[in-house]
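Each chain, letter by letter, is given below.
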Amino acid sequence: MHSFHYQDGRLFCEETAMDELAARFGTPLYVYSRRTLLDHYRRLGAALAGLDHKICYAVKANSNLAVLNLLAREGAGFDIVSGGELFRVQRAGGEAGACTFAGVGKTAEEIGAALDAGIYCFNAESEAELEAIDAVARARGVMAPVALRVNPNVDAETHKYISTGKSENKFGIDFDRIEAAYERASKLANLELRGLQMHIGSQLTKVGPFEEAVRKVAPLAARLRDAYGIGFFSIGGGIGIIYQEALPSGRDDWWEGRPEGDGLLTLEAYAKRLVPLLKPLGMKILLEPGRMIAGNAGALVTRVLYTKKGTAKTFRIVDAGMGDLIRPALYQGHHEIVPVREPAGRGRVKADVVGPICETGDFFAQDVELPEMEDGDLLALMSAGAYGFVMASNYNSRPLPAEVLVDGDRADLVRARQSLEDLIAGERIPGEADAKA
Ligand SMILES: *Cc1c(COP(=O)(O)O)cnc(C)c1O
């Protein structure tokens, strides 16, 4: 379920009209629904109720402090990929002790900070990293909790840029070499082997690849449990969401109202196919969903600046660009584009929706049918709650957009729009006195 809907021709987030948000906070504007975030988190927990599990929200999907605080208060753990994300979790009121630390390139400083904070576990991605973690722990005279990430060589059947579980991807340790890596790790004096981890990719829309990976890796988890006493098995994130036609149909996610047996991912199918494979292990099962929780909980509101009619095409030039939402440019990500005010009785026109940035790749959609509209009208790019703001950049010296969290008829600014001064913070011209050091 998501909480974006039309009411009398106006697009609402929960009980708040999006045009009012745009008037109050300006555009481009990220709008998140508290209710949707909580609903998605709770729905996954409910589907897995029969399993000893912990949901570690993947912070990189949406790391706004307000979002992290909301999930921390629900009891979520966190999957982090940098020292910066650990800092955010702690500032948001989350516990370091509920954090797993993923990523192929942790620095010694990050490892040290995570050890000092007392994180739950490092998910190590190479043998060289194990040695680095051991060395940092030894220098501090402490034990470092570690799990190894196995690359199961399974095809996630998703976009190649977000596929992570094949041997040719940089992630994890090859399935054939993983037991030797545990053997070596067990000999490093300052490591405590605590678990096993995998994550085969993002935006999976079928249950098959998840099942194939768990079938392949569960016996390995059992062997490692017996050999080294590891207590958890993390099956990663990757649960896909619906990007097409979330509005106005009201359909939300793959896990909603789907017939069973078509192979498409539903939470019921996910639980039904995976729990029987996982439960007999008698281990704690960790999950690391990001997109599933935040993706359809957010939208990016943008204003049409100009309409340009060329010989080949009509362009709607909007005030958001690839600097605000890069998914379409980065991996052909699709976002449904809808009017914030549904025009009554007007026709539909084919157009490209493009941003202001000086790149040909700066478009959100090409040849989409949109209602006839006027310059100044508002559009919403749906399903922008995950991998949206977190990937935003200042390219073309454009300030980062604001973020708002909606709770019923209340809206809180949870990140102020950047100012022009923010754009140059930290820069200086050599030889000139640093005015505000
Ligand atoms: C990105 C990532 C996730 C989250 O992926 P989603 O598709 O957003 O669920 C989980 N685990 C790891 C290790 C990741 O890198």
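In the block above lies the structure referred to throughout.
Bear in mind the structure is a predicted one, so any value in this text is a computation, not a measurement.

Conventions and cut-offs
Residues numbered from 1 in each chain as written. Predicted model: local features only at pLDDT ≥ 70, side-chain atom pairs only at ≥ 80, totals over all residues. Heavy atoms only, no water. Helix = DSSP H or I, 4+ residues; strand = E, 2+ residues; numbered from the N terminus. Rg over C-alpha atoms; globule rule 2.2 N^0.38 Å. Buried < 20%, exposed > 50% of the residue type's maximum accessible area, 1.4 Å probe, protein only. Contact = heavy atoms within 4.5 Å. Areas by Shrake-Rupley, 256 points an atom, 1.4 Å probe, with all protein chains shown as cover. Expected span 1.5 Å × (residues − 1). Arc of directions from axis to C-beta. 1 Å grid on protein atoms, 1.4 Å probe; cavity = no way out; pocket = protein on both sides within 12 Å on 5 of 7 lines; lining within 4 Å. Points joined across faces, edges and corners; volume = space filled by probe spheres on them. Nonpolar A, V, L, I, M, F, W, Y, C, P; charged D, E, K, R; others polar. Domains from an automatic or database assignment. Near = heavy atom within 4 Å. Polar contact = N/O pair within 3.5 Å; in protein donor to acceptor, adjacent residues only side chain to side chain. Sits in = over half its atoms within 2 Å of the grid points.

Q: An account of the overall build of the protein chain is needed here, citing residue identities and associated values.
A: When its secondary structure is counted, the protein chain shows twelve helices and 21 strands. In terms of overall size, the protein chain behaves like a compact globule, its C-alpha atoms giving a radius of gyration of 23 Å where 437 residues would be expected to give roughly 22 Å. Structurally, the protein chain occupies a C-alpha span of about 70 × 70 × 40 Å along its principal axes. When burial is assessed residue by residue, the protein chain has 54% of its 437 residues classed as buried. Once local pairs closer than 6 in sequence are excluded, the contacts in the protein chain between residues at least 24 apart make up 69%. When the accessible surface of the protein chain is totalled, it reaches about 18,500 Å², and 50% of it is carbon and sulfur.

Q: Describe in detail helix α6 (residues 127–140), supporting the description with residues and values.
A: In this model, α6 (14 residues) spans 20 Å end to end at C-alpha, consistent with the 20 Å of a helix rising 1.5 Å per residue. For α6, the complete set of buried residues consists of Glu129, Leu130, Ile133, Asp134, Val136 and Ala137. One face of α6 carries all of its buried residues, which in axial projection span an arc of 165°. Among the exposed residues of α6, those oriented more than 90 degrees off its buried face are Ala128 and Ala139. On its buried face, α6 sits against α5 (108–117), β8 (121–124), β9 (144–151), α7 (178–186) and β11 (191–197). Where α6 terminates, the next one or two residues include Gly141, which has phi positive at roughly 70°.

Q: Hey, could you go over the layout of surface pockets for me, with residue numbers and the actual values?
A: Approximately 590 Å³ is the volume attributed to the largest pocket. Lining of the largest pocket is provided by 30 residues; of these, Lys60, Arg149, Thr164, Phe171 and His199 occupy positions nearest its centre. In terms of residue class, the lining of the largest pocket is built from eleven nonpolar, eleven polar and eight charged. Counting contributing residues, the lining of the largest pocket receives three or more from each of domain 1 (34–292) and domain 2 (296–423).

Q: Tell me about the site of the ligand, and name the residues and values.
A: In the region of the ligand, 15 residues are neighbours, and Lys60, Ser202, Gly238, Glu288 and Tyr387 sit closest. In this structure, Arg291 approaches the ligand through a main-chain N or O atom, which is 2.8 Å from an oxygen atom. More than half of the atoms belonging to the ligand lie within 2 Å of the grid points that define the largest pocket. Taken together, the residues of the shell around the ligand break down into four nonpolar, six polar and five charged.

Coordinates in, geometry out; function isn't part of it.
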